[in-house]
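# Chain and residue survey
Spelled out from the first residue to the last, the chains are:
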Amino acid sequence: MTDITGIQKKLEKRLKPERYEHTLGVMYTAASLAMCHDADISKAMLAGLLHDCGKYCSGKEQIRLCREFNITLTESERKMPALIHAKLGAYLAEHEYNIKDSDILGAITYHTTGKPEMSLLEKIIYIADYIEPGRQEIPVLSEVRSAAFSNLNRAVALSAGSTISYLQNVGREIDPATVRTYEFYHTN
Ligand code: DGI
Ligand code: FE
Ligand code: FE
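On a predicted model such as this, the values are computed, not experimentally measured, just so you know.

### So, the layout of surface pockets
- In this model, the largest pocket occupies a volume close to 810 Å³.
- Lining of the largest pocket is provided by 31 residues; of these, Thr112, Arg135, Thr163, Tyr166 and Arg172 occupy positions nearest its centre.
- Sorting the residues of the lining of the largest pocket by element identifies helix H2 (17-37), helix H8 (120-131) and helix H10 (152-170) as the ones contributing at least two each.
- Counting residues per element, the lining of the largest pocket draws most heavily on H10, at seven residues.
- A class-by-class count of the residues in the lining of the largest pocket yields 11 nonpolar, 11 polar and nine charged.

### Observations regarding the coordination of the iron ion (ligand 2)
- Within the first shell, the iron ion (ligand 2) binds the protein through Asp52 (OD), His85 (NE2) and His111 (NE2), at distances of 2.1 Å.
- Donor residues binding the iron ion (ligand 2) come from one chain and are separated in sequence as D-x32-H-x25-H.
- Here the iron ion (ligand 2) and the iron ion (ligand 3) are spaced 3.5 Å apart, with Asp52 acting as a shared donor. Of this pair, His85 sits in helix H6 (residues 84-95) while His111 sits in the loop between helix H7 (102-109) and H8, and the two are 26 residues apart along the sequence.
- According to the relative accessible area criterion, His85 is buried, its value standing at 3%.
- A relative accessible area of 2% means that His111 is categorised as buried.

### Regarding the site of ligand 1
- Neighbouring ligand 1 are 19 residues; Lys55, Thr112, Glu173, Asp175 and Thr178 lie closest to it.
- In this structure, an oxygen atom belonging to ligand 1 sits 3.2 Å away from a side-chain N or O atom of Arg19.
- Thr112 is positioned such that a nitrogen or oxygen atom in its side chain is 2.7 Å from an oxygen atom of ligand 1.
- Bound to the protein, ligand 1 loses 85% of the 570 Å² it would expose on its own.
- Of the pockets mapped on this structure, ligand 1 occupies the largest pocket.
- Elements represented by at least two residues in the shell around ligand 1 include exactly H2 and H10.
- For the shell around ligand 1, a count of residues per class yields five nonpolar, six polar and eight charged.

### Points about the pattern of salt bridges
- The tally for this structure, following the rule as stated, stands at nine salt bridges.
- Taking the shortest distance from any N to any O, the salt bridge between Glu96 and Arg14 comes out at 3.1 Å. Of this pair, Glu96 sits in the loop between H6 and H7 while Arg14 sits in helix H1 (residues 4-14), and the two are 82 residues apart along the sequence.
- Taking relative accessible area as the criterion, Glu96 reaches 30% and is therefore assigned partly exposed.
- Here Arg135 and Asp129 are joined by a salt bridge, their closest N and O atoms 3.3 Å apart.
- Taking the relative accessible area as the measure of exposure, Arg135 reaches 32% and is therefore partly exposed.
- Judged by relative accessible area, which is 10%, Asp129 ranks as buried.

Reading the values: the criteria
Residues numbered from 1 in each chain as written. Chains lettered and ligands numbered in written order. Predicted model: local features only at pLDDT ≥ 70, side-chain atom pairs only at ≥ 80, totals over all residues. Heavy atoms only, no water. 1 Å grid on protein atoms, 1.4 Å probe; cavity = no way out; pocket = protein on both sides within 12 Å on 5 of 7 lines; lining within 4 Å. Points joined across faces, edges and corners; volume = space filled by probe spheres on them. Helix = DSSP H or I, 4+ residues; strand = E, 2+ residues; numbered from the N terminus. Nonpolar A, V, L, I, M, F, W, Y, C, P; charged D, E, K, R; others polar. Donors = N, O, S within 2.8 Å, 3.2 Å for Na, K, Ca; no water. Buried < 20%, exposed > 50% of the residue type's maximum accessible area, 1.4 Å probe, protein only. Near = heavy atom within 4 Å. Polar contact = N/O pair within 3.5 Å; in protein donor to acceptor, adjacent residues only side chain to side chain. Areas by Shrake-Rupley, 256 points an atom, 1.4 Å probe, with all protein chains shown as cover. Sits in = over half its atoms within 2 Å of the grid points. Salt bridge = Lys/Arg side-chain N within 4 Å of Asp/Glu carboxyl O.

Okay, here's the thing in structure tokens:
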């Protein structure tokens, strides 16, 4: 039995207050989505709690830690450092928070870009991150919130589509995985 409260206390000390608040929002939203879609509630809470644990330090420090832990960064991750915390977070979840469940680790790894054919838990965390109550107003947020509880695949397509539009508007590069996520769920 994993000690959710113990991990929570550790994260409260490590994360900035806003990031910790967001983390709790994702944890409880993931629990609600697990109830709705008949997924494992404890796994959803753990994955939600740890999804941004890689964000406890600066981008520069995240890159340094990846080097230290021999985590190979892709070309995309080198160009888009905002993506690194997902992969680093999965590593820390496994080695510092002792999470061995591969579905939880996958949900942390893919929470930022998503991917085609995600597991139910991976989709729950991808969406919980987007719709948690503390999220500032983003386009299609209310639509994603209601789809999340009725048609999870549609919710994934809507949020991936909205992320792509946002990145295009601000002129940031788009990771191929983000595009593949949209294409897969848009038609499924
Ligand atoms: O960690 P959070 O802020 O809770 O949310 P997140 O992990 O979904 O996203 C972190 C950042 O990554 C956010 O500013 C959007 C950005 N992002 C997501 N997909 C892509 C991306 N940035 C680039 N450059 N390319 C992407 O495909
Ligand atoms: Fe994140
Ligand atoms: Fe997040």
